[in-house]
Amino acid sequence: QVQLVESGGGLVQTGGSLRLSCAASRRTFSTNIMGWFRQPPGKAREFVAAIRWSDGYTNYAASVKGRFTISRDNAKNTLSLQMNSLKPEDTGVYYCAADSEPFALSTEDDDYDYWGQGTQVTVSS
């Protein structure tokens, strides 16, 4: 079993930045694909970004490409999401997730096996 714990959420003004972190209890083949999803108020959960731990290959939702950067720290078993130029529509609960699929980066939340508890990000206009 893998536990994921997010941190770094908060309140920020439009145009500001936040950095989210996700600490994994352990790194195994079951966590080679890790990603971030978010759930805006009153809406379904949506894909934000994903990374393949083994080679650093990344994928981003069109709405965040160029503003958000996903990265991993092998030594600390930590996943990060740097969010710049934040907009009110980025508001939501952000979740860290891990997919036991070893290679393909999925954008579907049903494909992810492990989830963190979520951290709130609020962008004021």
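Everything numeric in this text was worked out from a predicted model, so none of it was measured. (Residues numbered from 1 in each chain as written. Predicted model: local features only at pLDDT ≥ 70, side-chain atom pairs only at ≥ 80, totals over all residues. Heavy atoms only, no water.)

## Thoughts on the nonpolar core
Worth spelling out the cut-off: Side-chain atoms within 4.5 Å are what join buried Ala, Val, Leu, Ile, Met, Phe, Trp, Tyr and Cys residues into a set we call a nonpolar core. Per-residue accessibility, obtained with a 1.4 Å probe over protein chains only, is compared with the maximum for each type, and a residue is labelled buried under 20%, exposed over 50%, and partly exposed between these values. Comment: elements are numbered from the N terminus, with helices defined as DSSP H or I runs of at least four residues and strands as E runs of at least two.
In this structure, Leu 4, Trp 36, Leu 79, Leu 81 and Met 83 are the most contacted members of the largest nonpolar core, which totals 35 residues. The set of elements that each furnish at least two residues to this core consists of strand 3 (18–24), strand 4 (33–39), strand 5 (46–52), strand 7 (68–73), strand 8 (78–83), strand 9 (92–99) and strand 11 (119–124). Top element by residues in this core is strand 5. It accounts for five residues.

## Details of the pattern of salt bridges
Rules: Just to be clear on terms, a salt bridge is a Lys or Arg side-chain nitrogen sitting within 4 Å of an Asp or Glu carboxyl oxygen.
Scanning the model with the defined rule gives five salt bridges in all. Across the pair Arg 45 and Asp 109 runs a salt bridge whose closest N-O atoms are separated by 3.3 Å. Remark: Asp 109 occurs in the loop between strand 9 and strand 10 (114–115) and Arg 45 occurs in the loop between strand 4 and strand 5; sequence separation between them is 64 residues. A relative accessible area of 31% places Arg 45 in the partly exposed class. With a closest N to O distance of 2.8 Å, Arg 67 and Asp 90 form a salt bridge.

## Details of the pairing of strand 1 (residues 4–7)
So the rule is basically this: Any two strands with at least two DSSP bridges between them are considered paired.
Along strand 1, the buried face is formed by Leu 4 and Glu 6; none of Val 5 and Ser 7, which line the opposite face, is buried. As judged from the four bridges shared by strand 1 and strand 3, these two strands associate in the antiparallel manner. Bridge pairing in strand 3 places Val 5 opposite Ala 23.

## So, the packing of aromatic side chains
For any pair of aromatic rings, the description consists of the separation of the ring centres together with the inter-plane angle of the planes. Under the convention used in this document: Paired rings are identified among Phe, Tyr and Trp, the last through its six-membered ring, by centres lying within 6.5 Å, and are further divided according to the angle between planes into stacked (under 30 degrees), edge-to-face (over 60) and tilted (the rest). Only when the NZ of Lys or the CZ of Arg is both within 6 Å of the ring centre and within 35 degrees of the ring normal is a charge said to sit over the ring.
For the coordinates displayed, the defined rule picks out five aromatic pairs. Considering the side-chain rings of Phe 37 and Phe 47, the 5.7 Å spacing of their centres and the 75° angle between planes classify their relative orientation as edge-to-face. Taken together, the positions of Phe 37 in strand 4 and Phe 47 in strand 5 put the pair ten residues apart, joining distant regions of the chain. Each member of the pair, Phe 37 as well as Phe 47, is classed as buried. Aromatic side chains Phe 37 and Trp 115 sit 5.2 Å apart centroid to centroid with 55° between the ring planes, which places their arrangement in the tilted category. Separated by 78 residues along the polypeptide, Phe 37 in strand 4 and Trp 115 in strand 10 bring together distant segments of the chain. Residue Phe 37 is classed as buried on the basis of its relative accessible area, which comes to 1%. Trp 115 sits in the partly exposed class, given a relative accessible area of 24%. In textbook terms, an aromatic cluster arises when at least three aromatic residues are bridged by ring pairs, as seen for Phe 37, Phe 47, Tyr 95, Tyr 112 and Trp 115. If you follow Arg 45 out to its NZ or CZ, it ends over the ring of Tyr 95, 5.4 Å from the centre. Arg 45 extends its terminal NZ or CZ atom over the ring of Trp 115, reaching a point 3.8 Å from the ring centre.

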